[in-house]
Amino acid sequence: MLIPKKLKHRKHHRGHTKGKATAGNYLSFGAFGLRALSNGWVTSRQIEAARRAMTRYIQRGGKIWIRIFPDKPITMKGNEIPMGGGKGAVDHFVSVVKKGRILFEIDGVTEIQAREAMRLASHKLPVETHFEIR
């Protein structure tokens, strides 16, 4: 799973999930990509599950680029903890995804293979997606 090596601040504010992506919104590396059509948080577990689904389908063929990185810490308080006592400990990391952002890119495979690999990956993600061709 992807996690940052080091953090400047241990706990973040939640932020807002409005607007569209201004960076990472075009294909840079591969011939095919998966674009987010809605806003949301994608956890490091979901990114890993999507990556596994794609690599398993293309069977060591082609190259995959992951264009998002989970660098936002999400905190959770334990079960049956009374209110108060401050913010909880860091539980997991998420990547903030805005609509228009390219999530994954793939190259070195046919369009049919890429489309199916991306379809399998999209089922693992909490955002709506669209298959892109350069």
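The rules behind each value
- Residues numbered from 1 in each chain as written.
- Predicted model: local features only at pLDDT ≥ 70, side-chain atom pairs only at ≥ 80, totals over all residues.
- Heavy atoms only, no water.
- Helix = DSSP H or I, 4+ residues; strand = E, 2+ residues; numbered from the N terminus.
- Expected span 1.5 Å × (residues − 1).
- Contact = heavy atoms within 4.5 Å.
- Buried < 20%, exposed > 50% of the residue type's maximum accessible area, 1.4 Å probe, protein only.
- Axes fitted to C-alpha atoms, helices over the stretch in contact; angles between N-to-C directions.
- Parallel < 35°, antiparallel > 145°, perpendicular 65-115°, else oblique.
- Left-handed = near helix turned anticlockwise from the far one by under 90°.
- Nonpolar A, V, L, I, M, F, W, Y, C, P; charged D, E, K, R; others polar.

Colleague: Sorry, what's going on with helix H1 (residues 44-58) here?
Modeller: The periodicity of an α-helix, 3.6 residues per turn, causes residues three or four positions apart to be oriented the same way. Counted at 1.5 Å a residue, the expected span for H1 with its 15 residues is 21 Å, and the 21 Å between its end C-alpha atoms agrees. Here the buried face of H1 lies against strand S2 (40-43), strand S3 (63-66), strand S5 (89-97), strand S6 (102-107) and helix H2 (111-122). Once H1 finishes, Gln59 follows within two positions and takes phi at roughly 50°, a positive value.

Colleague: Please clarify how the side chain of Thr43 should be interpreted in this entry.
Modeller: For Thr43, the location among the structural elements is in strand S2. Judged by its relative accessible area of 18%, Thr43 is buried. Other than its neighbours up to four places away in sequence, Thr43 contacts His92, Phe93 and Val94.

Colleague: Would you mind showing me how to read H2 here?
Modeller: Look at H2: 16 Å from first C-alpha to last across twelve residues, which is about the 16 Å you get at 1.5 Å a residue. Residues of H2 that are buried sit in contact with strand S1 (32-36), H1, S6 and strand S7 (129-133).

Colleague: I tried to follow the packing of H1 against H2 on my own but got confused; where do I start?
Modeller: Any two packed helices are characterised by the angle at which their axes cross and by the distance between the axes. Relative orientation of the contacting elements H1 and H2 amounts to 150°, with a least axis distance of 8 Å. As the angle between them shows, H1 and H2 are arranged roughly antiparallel. Relative to H2, the crossing made by H1 is right-handed. Here Ala50, Ala53, Met54, Tyr57 and Ile58 of H1 come into contact with H2, specifically with Gln113, Glu116, Ala117, Met118, Leu120 and Ala121. Here the residues of the contact of H1 with H2 are counted per class, giving nine nonpolar, one polar and one charged.

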